[in-house]
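An overview of the molecular structure
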Amino acid sequence: EQPARTAAIATLGAVALFPLLVLPIIVGGFVDYIGMTESQAGWATATGALGAALAAIPVALTIHHLDLRRLATAGLIVMAIADALSIAALSIPVEAFFALRFMSGVGAAGVYASVVSGYAAWDAPDRAYGFFMGVQFAISAAGLYFLPLILPTIGIEGLYAGIASMDLVAIGLVTRLPAR
């Protein structure tokens, strides 16, 4: 497949995984900047993972009947809404924040499933997936290095504004996915 297309789809998948790729920084930010207890911060991240896991089951069972572009677009829209509303983490009840993180996880599952399913149909899926893994590690490394430097300035509000912006920009990459 074309290198530019492979990179675009890898970037799309990495956007869906971004909160997971920089999870230690986000958990620390919950405690340091919005006053969550360590337990609450753990639950906030666990609810996102639960949303992704529960959404992955029906997606896996129906993936051959789904339009990958529509699935990824819907996932990104759900993520963008949940992540944008998470900007208010400091002023909403913790349970509402958990629900937002759950919904973001649901959306991320759709995007991730679209990416890996798109790669599976390629002539060299192992190379495409290997490149995708490399992009994930690069983004994780950059995020784990730079986020601690800027998080004191932007706070959790700025972090989620950035994540929601990435979700919206990534919608432009959906056209690089195969339709089915």
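Report on the accompanying structure.

1. Brief notes about the overall build of the protein
- When its secondary structure is counted, the protein shows six helices and zero strands.
- Along the chain direction, N to C, the helices and strands of the protein fall in the order α-α-α-α-α-α.
- Here the C-alpha radius of gyration of the protein, 16 Å, is about what a compact globule of 180 residues would show, namely 16 Å.
- Taking the principal axes of the C-alpha coordinates as reference, the protein spans close to 50 × 30 × 25 Å.
- Within the protein, the fraction of its 180 residues that count as buried is 42%.
- For the protein, contacts bridging at least 24 residues in sequence account for 81% of all contacts bridging at least 6.
- Carbon and sulfur atoms make up 70% of the accessible area of the protein, which amounts to about 8700 Å² in all.
- For the protein, the distance from the average position of its 7 positive side-chain charges to the average position of its 10 negative side-chain charges is 16 Å.

2. Let's talk about the side chain of Gln-136
- Position of Gln-136 among the secondary structure elements: in helix 6 (residues 125-170).
- Judged by relative accessible area, Gln-136 falls into the buried class, the value being 9%.

3. Brief notes about the packing of helix 1 (residues 3-21) against helix 5 (residues 94-120)
- Running from N to C, helix 1 and helix 5 point in directions that differ by 155 degrees, and their axes come no closer than 8 Å. Considering their axes alone, helix 1 and helix 5 lie roughly antiparallel with respect to each other. Relative to helix 5, helix 1 is oriented so that their crossing is left-handed. Contacts between helix 1 and helix 5 involve Thr-6, Ile-9, Ala-10, Leu-12, Gly-13, Ala-16 and Leu-17 on the former and, on the latter, Ala-108, Val-111, Tyr-112, Val-115 and Tyr-119.

4. Digging into the pattern of salt bridges
- The full count for this structure, using the stated rule, is one salt bridge.
- Note that Arg-101 is salt-bridged to Asp-83, the shortest N-O span being 2.9 Å. Residue Arg-101 is found in helix 5, and its partner Asp-83 is found in helix 4 (residues 68-85); the two are separated by 18 residues along the sequence.

5. Considerations on the side chain of Arg-5
- Tracing the backbone shows Arg-5 in helix 1.
- A residue is classified by how much of its surface remains accessible, and Arg-5, at 17% relative accessible area, is buried.
- Here the side chain of Arg-5 touches Arg-176 through a polar contact of 2.6 Å, landing on its backbone oxygen.
- Ignoring anything within four residues of it in the chain, the contact list for Arg-5 reads Trp-122, Arg-176, Leu-177 and Pro-178.

6. A look at helix 6
- The end-to-end C-alpha distance of helix 6, which contains 46 residues, comes to just 22 Å, noticeably less than the 68 Å that a straight helix rising 1.5 Å per residue would cover.
- Maximum bend of helix 6: about 105 degrees, positioned at Ile-154.

7. Topic: the packing of aromatic side chains
- Following the criterion strictly, the structure yields eight aromatic pairs and no others.
- Arranged with centres 6.1 Å apart and planes meeting at 75 degrees, the rings of Phe-97 and Tyr-160 form a pair that is edge-to-face. Here Phe-97, found in helix 5, pairs with Tyr-160, found in helix 6; they are 63 residues apart in sequence, far enough to count as distant. The pair formed by Phe-97 and Tyr-160 is uniform in burial state, with each residue classed as buried.
- With 5.9 Å between their ring centres and 75 degrees between their planes, Tyr-129 and Phe-132 make a pair best called edge-to-face. Taken together, the residues Tyr-129 and Phe-132, both in helix 6 and three residues apart, mark about one turn of the helix.
- Grouped by ring-pair contacts, the aromatic residues Tyr-112, Tyr-119, Trp-122, Tyr-129 and Phe-132 constitute a single cluster.

Analysis parameters
- Residues numbered from 1 in each chain as written.
- Predicted model: local features only at pLDDT ≥ 70, side-chain atom pairs only at ≥ 80, totals over all residues.
- Heavy atoms only, no water.
- Helix = DSSP H or I, 4+ residues; strand = E, 2+ residues; numbered from the N terminus.
- Rg over C-alpha atoms; globule rule 2.2 N^0.38 Å.
- Buried < 20%, exposed > 50% of the residue type's maximum accessible area, 1.4 Å probe, protein only.
- Contact = heavy atoms within 4.5 Å.
- Areas by Shrake-Rupley, 256 points an atom, 1.4 Å probe, with all protein chains shown as cover.
- Lys, Arg positive; Asp, Glu negative; His and termini not counted.
- Charge placed at Lys NZ, Arg CZ, Asp CG, Glu CD.
- Axes fitted to C-alpha atoms, helices over the stretch in contact; angles between N-to-C directions.
- Parallel < 35°, antiparallel > 145°, perpendicular 65-115°, else oblique.
- Left-handed = near helix turned anticlockwise from the far one by under 90°.
- Salt bridge = Lys/Arg side-chain N within 4 Å of Asp/Glu carboxyl O.
- Polar contact = N/O pair within 3.5 Å; in protein donor to acceptor, adjacent residues only side chain to side chain.
- Expected span 1.5 Å × (residues − 1).
- Bend = angle between axes of the 7 residues up to and from the residue.
- Phe/Tyr/Trp six-rings, centres within 6.5 Å; stacked < 30°, edge-to-face > 60°.

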